[in-house]
Structure formats: structure tokens, C-alpha cells
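# Coordinate inspection notes
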Amino acid sequence: MTIDNLPKKPILILLLTLGTFLSSSLLAQVNEIALIRERVVQQLKSGKVESNEIGSILNKVKADGSFKNIKYDDLSRTAGFPQRRHLLRLVTLAKAYHSEGSTYFHNRQLLEKITLATKFWMHNDFIGDNWHNNQITTPENLVNLMLLMGDVLPKELVEKSQPMIGRANMNASGARPSGDRIVIAGILAKNLLFNDDKAGFDEVIKIIANEIKFNNGSRGMQQDYSFHHREDRVNNTTSYGYGKYANAFGEWSDYVSGTSYAFEVDKINQLVDYYLDGVYKQLVYGIYEDISVKNRSIATGATFIPKGTLEIERLLRSTDYRKKELEEIIRLRKGEASPSLSFAKFFWQTEHFVVQRPNYYTTVRMFSSRNKNMEKPYNGPGITTHHRADGTNYLMLKGNEYHDIWPVYDWQKISGTTIMQKPNLLGGDVIQKAGKMDFVGAVEDGQKGAVGFDFISPHDGTKAKKSWFFFDQSYVCLGTDIQGSRKLPIATTVDQVIMRSPVSTLNSGKTVKILPEGNHKIDQLKYLYHGNIGYIFPNEGSVHVSNKTETGRWSDITDQKNASTKVVSKEVLKVWFEHGVKPKNGSYAYMVFPSISENELKTIYEAGTPYEILSNTKDLQAVKNKDENVVQAVFYQSGNLSLEKKLDLQMENAGIIMLKLKRGKVESFSISDPTRKLTELRFTLEGLYSLKDPDIKVIKNRKTKTSQFIVQMPKGVFSGKSLNFKL
């Protein structure tokens, strides 16, 4: 018996009847199957049953078993498979039927309604145009229904369910390596439990157990703990890689714990690493959804709530590995603790950079010749996301700063990006594009870091050199070599965000002004303050600000048929630089100070920021934080940089480097190759240094009093990763 061919008759009762004739080991295995099935069923029954909800659902059941308010005749991809709500309602009713505290517990009329509605589905067998409807959505809901009600439903309905559930099998098209494969395996495993098929279950549980692994550049979990669902290498860590891939493994790990099917501890611990170093570092404080990593789903309204704790509780039942960190996430999500973690991490397989402090969270999203820019708008949503990977830099203090702004959003003024302002965006069918440049990457030491983006838009040819320099409590954004070849203006957006306070500005003179609602061009802008974030503009040039009500519809940003056409209004702040039409060498510079008061911003401005912009040219962008004594530099080609008096750096290759200085010497450095092409990276420092490390060679020149460093760069799936050295 294979896992693709299911038995039609239950055998568990027979086996238990004959238990006295079975060997003890076989009986134990049968009991394990029963135990695992009971765990699955108990999970399906968990949660409170609301009598009002059940009554409302029952009132919607029509004489033929269909439900009111479900459009059964539209099976198109953009309809969103409304038929799924039929099965979801059935599962909810089945849960009520088994809820001992409910007035519906083993209620005969309820059973009749469930039977009637199940019969309606079996008679129609709705097949959607989207494969996911048929291989995941319907089989998952049906197998849950059978596990809850299969013992009391008419035999013919149970038998009719099996071919429909059987569309979830390991030969199905959706069972390719991805976030869906483990979900399909889980549906199949549930059905094998329902049918008491131990041999089939033995086979499929091995597939699930082996899904947690590095996939070395292809679909699945990457070596940096990001996740690629498709071959386009777009970031899917907190979508397919979280709700499907990771949670499905954790769910089954919990179901089989303490049995002979228990997963290897090393696999469970690898899942812990993936959660803590991948998923949770792409959630705001590990609590809230990070909109910077969303793809087409951004066009669907969301609820701003903390993520749940079930996946962590399951892990803690199986392992003590990194227990304190997991328990901290639980406390954060329950509101029992405040964020305390500080980190900087570059996901080099995904071109995504994250910085978190206890009081803010910010990201930079990019793409390169190695990764496509954005997910295609499969099935309708996300038809305006052409530029959301063009150096997007969202900044969040609470996590809800951009919540559901999207219907009113200006999709050509995305925070952090440099975009040609076209009359209209092209259609959704041309959103996904391969990057044109190799030089895309970052350097980090786990706490601080710099990002470099040699950007050419595959949509309109806009060019820019963009960089971000992240220090302890603030960061600097630079852009230069901004070019356009079409007769359209180009803009760099500092931020576009929901307004949450008045907007204060300081430009000419010393008087701070509160901006009235409207559109503004502010000359000689020195700083701007809004929502506990300060922006300082060191070049004191012209900056455009819009602080007013914007309107739009969810239906404007999706082709899904069920999208709301109601007009949405929100107060929105936009801040941007205009570089003009067909610029040849546009540039910008601004400094961001999160989570400060307006008085603190004023003090920083008047005393002088800690930053010195050492270079902002097409060859080199570099910033020094004088308080922290750290220099970060993005070399687009070889070149020289004076770190301080009598301390020069000569880079012999393109690369990104960060150096910590102390008493006129370099104390430590971090380095990376954003092109992913170099086997070694060479640079020279004034001064004589020694370092014993297998990845680096230091050649001292006592005559010139300099030291040449030859660094062996990471290879293969680790290329692009930062290396850190202490001198």
C-alpha cells in the first residue's frame, strides 16, 4: 500500500478486537496511531465555540444544503474560491457538535444540517481554476471534517470524500519542493490516520520529518534562514516559510512527540534556529507582521494583532534548545514584556537587511541579478507592487505605522526608493523582473551595518547608487549618480506613512513651524519631525512634503473580484526629494533619528550630529559616526578613503567595509563582497597589524608602515555573507 492509494474500510476496530492475538510491539504501534489521531482531533476541537456564530451559520443553511451568501458559480482564480467558506462553516459546525460545553453538543438537528451541507458538497465537488483550491484548500477542510464527523456521517458521504481529499498527494503538482509540499503531506497524513493506514502513515511522516533542511539556493530554507517558495528567489520567509513550512513541521512534531515517530531533536532544533534567526527577525520585535517582506498579499486588508504563541509552545514541548529566547517571544506576544533585543542582520540569499533596537525596527529591501524583484500578482492581488523592492526602507516604532495604508498609497513614492514618476504604472503582468546589477549587498557585525545598492530599474531604466549606514540609535541614507533617460521626473522618497502627529519643520531662520495641511515645497530644510521620528537634511536643500487626506479603494490595487469598492480615506505624510527630468547626477542625503522627542532632535541639530559624510560619489559612499568611532564605506570600485588623520584605507576591490577605530588605529573590521564574485578581497591600512586567522593573510610593509590584508571570501551559498575580524 502506498501513500497515494488509501484503504476504503477502517481497520482500527478490527485490530483492537484482535489485540490479544497481536504481538505487543504491533499493538503498541496501533495504539500510537490512535494516539496521534486523537491528538489531531483534539487540536481541531480546541478553542471556544460561540453559540451566536453557530446559530448564524445554521440560519444560512438552505433546503438543498448550500449556504446563503456564497457565490458557488464563480470558480475563477480572481474570485478567491468563495466555495471554501462552505467547508469552513461545516468544520465550525462539526466543532460545535463535539463541544461538551455547548448547547449544540451531539445535537440531532445540528447533525442533520451538517449531513445535508456535506451531501451538497459531495454532489457538486467544486473544482477551482487555482490548483491550490483543489490540492490544499478543499482536501484540508474535508479531512478535518472527516476526522471530526466521519464516524457519524453516512458511509456513502465518507466514501465520496476520499477521492476529493486524495487530490492532496505527493504526486500532485503542488507537492513540489516549496512551502506547500509539507502542507500537502500533512493533509495526506491526516487522511491516513482517518483511514487507519499505518503503512501509508509510516511513509508520509518520514517525508514531513525530512522537510526541515537547507536547500542550498533552490526552493526552501536558505543558509541565512530566509525562505524561497519559488525559483524566482523572492523573499517568502514570513508567508509560505512561516504559516505553511515552519508551522506545519512544528504541528506534526508535536503530534508525534513521545512516540516511535518522534522527529529527530536536531531537526526540531534546526526549526528553532529558523524561527529565531529567520522568521522572528523579519517580524517587528518578533511580534507583528513586517510589511516590508509582504508581497502580493499587501493588497489585502489585515488585522494588526500580535502573532500567536502556539507554534512556540509546541516547540517547547519537544526541546529546551534556546528556551529562554523562545519564552521571551511568548512574553512579548502576550504583552508581558517589552522588546529588548538589538541586532542587525543581512539575509544575503534574499537581499534583505533588518535592524532592530528595543525602540525601533527598520529594513531595506532590494533585488539583484540573483533575485527577482517581487512576487507575481498570482490570482489578482498586488497589481501595483512594481517598485516595492527598489531599496524600500520602512521604519516602525510600534509596528502599525503603515497599517492598511495601501488603498490610498502612492505606489511611485515608496519609502526609501528612487523612482521615475510615470503617468501610470504598467499592468500587473509585468511586475516581476530580474535585477540588472550584481553589486547589491551589505556588511554587518550583528549590531551595526551598511547597505549598498547599485540600482537600475528594470521597469524604466532609472539609475542610482543608494546606501544606508546603520549605527546604534540612528542611521544615514545617501544617494548619488541618479540618472534618467526619459522625459519624466525622478523622486526619492524619505517616507510615506500614516500621519500620527503634527509635522514640524525648521528651515530658514530658527523658528520651528507646524505645517498646515496641504502640499509644500520647503527650501533650505534643516529638519523635519513627525511621530517621534526626526529627519535631518545636512545639505539643507529643497524637500517636498505632503500632509493631507488621501483617498482610494482596495479594488484599485487588486484584480480580485471580492475586493471592496468603498472609498477609503486616510491622513498621509509624504516626504520626498525631486531630482528633475532626465537628471544626470542627482543626489540626496538625510539622517534618521527614531524614537526621540522634538526637543531631543533640536538639541542634536544645534549641537551637531555625530555624523560626517566622508563621500557620496558614484565610486564611494561613506559615513563616519564620530561618537561611536565607526566608519562604514561602500566601494563600488577600488579607491582610497581617509578614516582620520594619518589613517588611510586603500581598497583594491569593490566591496563594503565597516571599521571600528580606537586611538588612531583600526580595532576591528567587517567586510563583504556584494558582487558575490570575488574569491579574495584586498585592502591596505596605514599602520602595522597582525592577525592569525585561516581566512586572512596580513602582509606588513615596514618601510611604508602599512599592512595589506588579503581576505578569503565566503564561497557558494555563503557568498555575500559578512566576515568579522578583531585586530
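Numbering of residues starts from 1 in each chain and follows the order in which that chain's sequence is written. Totals for whole chains, interfaces and linings use all residues, but because this is a predicted model, local features are given only for residues with pLDDT of at least 70 and pairs of side-chain atoms are given and counted only at 80 or more. In computing side-chain values, all of the structure's heavy atoms are included and hydrogens and water are not.

On to helix H3 (residues 51–59). Buried residues are those whose accessible area, probed at 1.4 Å on protein chains only, stays under 20% of the maximum for their type, while exposed residues exceed 50% and partly exposed ones sit between those limits. Each helix corresponds to a stretch of at least 4 residues labelled H or I by DSSP, and each strand to a stretch of at least 2 residues labelled E; elements are numbered beginning at the N terminus. Listing the buried residues of H3 in full gives Ile54, Gly55, Ile57 and Leu58. Buried residues of H3, viewed axially, fall in a sector of 160°; they line one side. Away from its buried face, by an angle of more than 90 degrees, H3 presents the exposed residues Asn52 and Asn59. Buried-residue contacts for H3 involve helix H4 (84–97) and helix H5 (108–124). Comment: arc refers to directions from the helix axis out to C-beta atoms. Whether two residues touch is decided by their heavy atoms; if any such pair falls within 4.5 Å, the residues are in contact.

In this analysis, the expected span of each helix is defined as 1.5 Å times one less than the number of residues it contains. Between its first and last C-alpha atoms helix H11 (residues 265–279) spans 20 Å; for 15 residues at 1.5 Å apiece the expected length is 21 Å, and the two agree. For H11, a buried count of 13 out of 15 residues is recorded, marking the element as mostly surrounded by other parts of the structure.

As a further point, take the side chain of Glu32. As for its placement among the helices and strands, Glu32 is situated in helix H2 (residues 24–45). Charged-residue counts in this description rest on Lys and Arg as positive and Asp and Glu as negative, His and the chain ends being excluded. We define a salt bridge as a side-chain nitrogen of Lys or Arg found within 4 Å of a carboxyl oxygen belonging to Asp or Glu. There is no salt bridge for the buried Glu32, and the closest opposite charge comes from Lys198, which lies 7.2 Å off by N-O distance. Definition of a polar contact: a pair of N or O atoms within 3.5 Å, with one able to donate and the other able to accept a hydrogen when the atoms are protein atoms, and with sequence-neighbouring residues admitted only if both atoms are side-chain atoms. At 2.6 Å, the side chain of Glu32 forms a polar contact with the side chain of Ser260. Other than its neighbours up to four places away in sequence, Glu32 contacts Thr259, Ser260 and Tyr261.

Counted residue by residue, strand E11 (residues 449–456) has 8 buried out of 8 residues, so it is predominantly covered. Both faces of E11 are covered, namely the face carrying Gly449, Val451, Phe453 and Phe455 and the face carrying Ala450, Gly452, Asp454 and Ile456. Paired strands, as defined in this entry, are two strands with at least two bridges between them according to DSSP. Summarising the sheet, strand E10 (residues 440–444) and E11 pair through 5 bridges and their orientation is antiparallel. Bridge pairing in E11 links Val440 to Phe453. If you look at the hairpin formed by E10 and E11, you'll find 4 residues sitting between the two strands, and Gly446 has a positive phi there, around 95°. Pairing of E11 with strand E12 (residues 463–470) involves 8 bridges; the strand directions are antiparallel. Looking across to E12, one finds that Val451 is bridged to Trp468. What sits between the antiparallel neighbours E11 and E12 is a turn of 6 residues, in which Gly461 has the positive phi angle 80°.

With that out of the way, let us pick up the side chain of Asp481. Residue placement: Asp481 occurs in strand E13 (residues 475–483). Its relative accessible area of 11% is what places Asp481 among the buried residues. Separated by 3.2 Å, the side chains of Asp481 and Lys465 make a polar contact. Once you skip the residues sitting within four places of it in the chain, Asp481 turns out to touch Lys463, Ala464, Lys465, Lys584, Asn585, Gly586 and Lys618.

Another point: unusual backbone geometry. Despite not being glycine, Arg233 has its phi angle at roughly 60°, a positive value. You can see Arg233 is positioned in the loop between strand E2 (227–228) and helix H10 (240–255). Phi is positive for Asp481, which is not a glycine, with a value near 55°.

What follows covers the pattern of salt bridges. Counted under the stated rule, the structure contains 35 salt bridges. Between Asp73 and Lys71 there is a salt bridge, with its nearest N and O atoms 3.5 Å apart. With relative accessibility at 63%, the residue Asp73 sits in the exposed group. Glu667 serves as the salt-bridge partner of Lys662, at 3.9 Å between the closest nitrogen and oxygen. Salt bridges sharing common partners tie together Asp273, Asp277, Arg322 and Glu325.

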